[in-house]
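# Analysis of the macromolecular model
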Amino acid sequence: MSKQPPRLHRSRTSDAREHIRLLLRVARMYYQDGATQSQIAASIGYSRPTVSRLLAEARNKDVVRIRIDHPLERAMNMEEELIERFGLHDARIAEVADPMSLPAEVSRCAADYIVETCYEDVAIAVSNGYAVKETIEAMPQTDWIQSRVIQMLGSVSNSEFLIDSSETCRRLARQLGGRHYPLPAPLVVASAEVATSLSESPQVSSILDLAQRSDLALVGIGTVSKGRSGHIFEGLTDSYVSATLIREKAVGHICGHHFDIEGRHIQTSLCDRTIGISLQQIKRLPRVIGVAWGEQKLKAIRGAICGGFISTLVTDRNTALSLLNQK
């Protein structure tokens, strides 16, 4: 006689394990394979109502965890947090997968924001700098023939041509299809007397008046490191100005004006020699869009927000997260 195989006994957990296997099988067929409840019922030999009950049980027992999520939703939640935390009018955060595309993605986000929130007869005051240039390059071509683009500070002859305020102003007007109003003056002149005389001349004062009455301003946020303020100020500052910036702990500048991390305006000899609208005038504009990204900009962004020099921030997710994590 052949021996009978030993009898197998079910343990206390056998039925539970088999039931979990069934739940997993049904859940995978439904959620991963896209099978209908009727198809699952035919496959496993159960009725369709039973399959429905098994799927509900799978969700209740966390066999299935349904997650509704999208990177854009996370960005929008962070935008709301920035607005609430810093008292901003608005914020836009670009989701950037590739660090090499960071400038392009943030600039495109800023350009989209301008198009989405402006009317065809908008008056935009424009600053200078790399972020402003990149944003204008990302602007779509429109036919806003009633739009006006106004240069809000003087030109810098020794800076890169494409990032200078006169050129950014002209190029934005071309993209919008409207008119541009250049400011016929340098950013910094030799003395306070010359600055006053030039600012009060009809050709300059009329443009500055237009800039002060703009619907919004588009500005970059410059950084200060060891008393140096970047290419825009090359040849315009001296050792005394640099020493003042170091002593007063300057972290950034907007439209030629320096400030510390708390947003306090730092007075230097440049202030009285600069042609453009002042920080107080900037603060009175209905909306100022500041475009900046990267860890190196954190202190400058924080100072610009604290000082009220920008009311809308456009940046990337990592920079926004770092801002929110600062104490």
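Predicted model only: the values in this text are computed from it and were never measured.

### Describing the overall build of the protein
Scanning the protein from N- to C-terminus turns up 13 helices and eleven strands. Relative to the globule expectation of 20 Å for 327 residues, the C-alpha radius of gyration of the protein, 30 Å, shows a markedly less compact shape. Its C-alpha atoms give the protein principal-axis dimensions of roughly 120 × 45 × 30 Å. When burial is assessed residue by residue, the protein has 49% of its 327 residues classed as buried. Looking at the protein alone, contacts between residues at least 24 apart form 71% of all its contacts between residues at least 6 apart. Accessible surface, the protein as shown: approximately 17600 Å² in total, 50% of it carbon and sulfur. Each charge class in the protein was averaged separately, 39 positive and 37 negative side chains, and the resulting centres sit 12 Å apart.

### Points about the sheet that holds strand S9 (residues 265–266)
Spatially, four strands are ordered S6-S7-S8-S9 in an open sheet, and the strand pairing comes out antiparallel. Both edges of this open sheet fall to strand S6 (222–223) and S9, since each of them pairs with a single strand only.

### Regarding the sheet that holds strand S5 (residues 216–220)
Reading across from one edge, S1-S11-S10-S5-S2-S3-S4 is the order of the seven strands in this open sheet, with parallel pairing throughout. Looking at which strands have only one partner, the edges of the open sheet turn out to be strand S1 (90–94) and strand S4 (179–181). When the angles between neighbouring strand axes are averaged without regard to direction, this sheet yields 20 degrees. Sheet analysis places strand S10 (residues 288–291) next to strand S11 (residues 312–316), joined by three bridges and oriented parallel. Its bridge partner being in S11, Val291 is matched across the sheet by Val314. Each of S1 and S11 is contacted by helix H13 (residues 317–325), which is oriented at about 115 degrees to S11, the strand it contacts most.

### Let's talk about the nonpolar core
If you look at the biggest cluster of nonpolar residues, it comprises 59 residues, and the most contacted ones within it are Leu82, Met152, Ile221, Ile254 and Ile310. Setting aside residues up to four positions removed in sequence, Ile310 forms contacts with Leu88, Val219, Ile221, Ile254, Val288, Gly290, Ala304 and Ile305. In this structure, Tyr113, Ile124, Val132 and Val149 belong to the second largest nonpolar core, which totals 28 residues.

### Considering unusual backbone geometry
In this model, Lys249 sits at a positive phi of 60 degrees, which is unusual for a non-glycine residue. Within the secondary structure layout, Lys249 lies in the loop between helix H10 (239–247) and strand S7 (250–254). Here Cys255, not a glycine, exhibits a phi torsion of approximately 55 degrees, which is positive. The topology assignment puts Cys255 in the loop between S7 and strand S8 (257–260).

### Thoughts on the pattern of salt bridges
Per the stated rule, a full pass over the model turns up 13 salt bridges. The closest approach of N and O atoms between Glu105 and Arg108, which form a salt bridge, is 3.1 Å. Here Arg108 and Glu105 lie together in helix H5 (residues 102–117), a separation of three residues that amounts to about one turn. The exposure class assigned to Glu105 is partly exposed, which follows from its relative accessible area of 27%. Here Arg108 falls in the partly exposed class, since its relative accessible area comes to 39%.

### Quick word on the packing of helix H2 (residues 37–44) against helix H3 (residues 48–60)
Packing of H2 against H3 brings their axes to within 8 Å, and their N-to-C directions diverge by 105 degrees. What the angle tells us is that H2 and H3 run roughly perpendicular. Across from Gln37, Ser38, Ile40, Ala41 and Ile44 in H2, the residues of H3 making contact are Arg48, Val51, Ser52 and Leu55. In terms of residue class, the contact of H2 with H3 is built from five nonpolar, three polar and one charged.

### A closer look at the packing of H5 against helix H6 (residues 130–137)
Interaxial distance between H5 and H6 falls to 8 Å at its minimum, and their mutual angle equals 65 degrees. Accordingly, the angle class assigned to the pair H5 and H6 is roughly perpendicular. Our pair here, H5 against H6, has a crossing hand that is right-handed. Contacts from Pro103, Ser107, Ala110, Ala111 and Ile114 of H5 reach H6 at Tyr130, Ala131, Glu134 and Thr135. Tallied by class, residues from the contact of H5 with H6 come to six nonpolar, two polar and one charged.

### A short note on a negative patch on the surface
On the surface, a cluster of negative charge is contributed by Glu120, Asp121, Asp143 and Asp215. Here Asp121 shows up in the loop between H5 and strand S2 (123–126).

### Regarding H10
Among all positions of H10, only Val241, Ser242, Thr244 and Leu245 are buried. Projected down its long axis, H10 carries its buried residues within an arc of 160 degrees, all on one side. Residues Ser239, Tyr240 and Arg247 are exposed on H10 and point more than 90 degrees away from its buried face. Those residues of H10 that are buried are in contact with S7, S8 and S9. Of the residues trailing H10, Lys249 is marked for its positive phi of about 60 degrees.

Conventions and cut-offs
Residues numbered from 1 in each chain as written. Predicted model: local features only at pLDDT ≥ 70, side-chain atom pairs only at ≥ 80, totals over all residues. Heavy atoms only, no water. Helix = DSSP H or I, 4+ residues; strand = E, 2+ residues; numbered from the N terminus. Rg over C-alpha atoms; globule rule 2.2 N^0.38 Å. Buried < 20%, exposed > 50% of the residue type's maximum accessible area, 1.4 Å probe, protein only. Contact = heavy atoms within 4.5 Å. Areas by Shrake-Rupley, 256 points an atom, 1.4 Å probe, with all protein chains shown as cover. Lys, Arg positive; Asp, Glu negative; His and termini not counted. Charge placed at Lys NZ, Arg CZ, Asp CG, Glu CD. Pairing = 2+ DSSP bridges. Axes fitted to C-alpha atoms, helices over the stretch in contact; angles between N-to-C directions. Core = buried A, V, L, I, M, F, W, Y, C linked by side-chain atoms within 4.5 Å. Salt bridge = Lys/Arg side-chain N within 4 Å of Asp/Glu carboxyl O. Parallel < 35°, antiparallel > 145°, perpendicular 65-115°, else oblique. Nonpolar A, V, L, I, M, F, W, Y, C, P; charged D, E, K, R; others polar. Left-handed = near helix turned anticlockwise from the far one by under 90°. Patch = residues over 30% accessible without salt bridge, like charges linked within 9 Å, V, L, I, M, F, W, Y side chains within 5 Å. Arc of directions from axis to C-beta.

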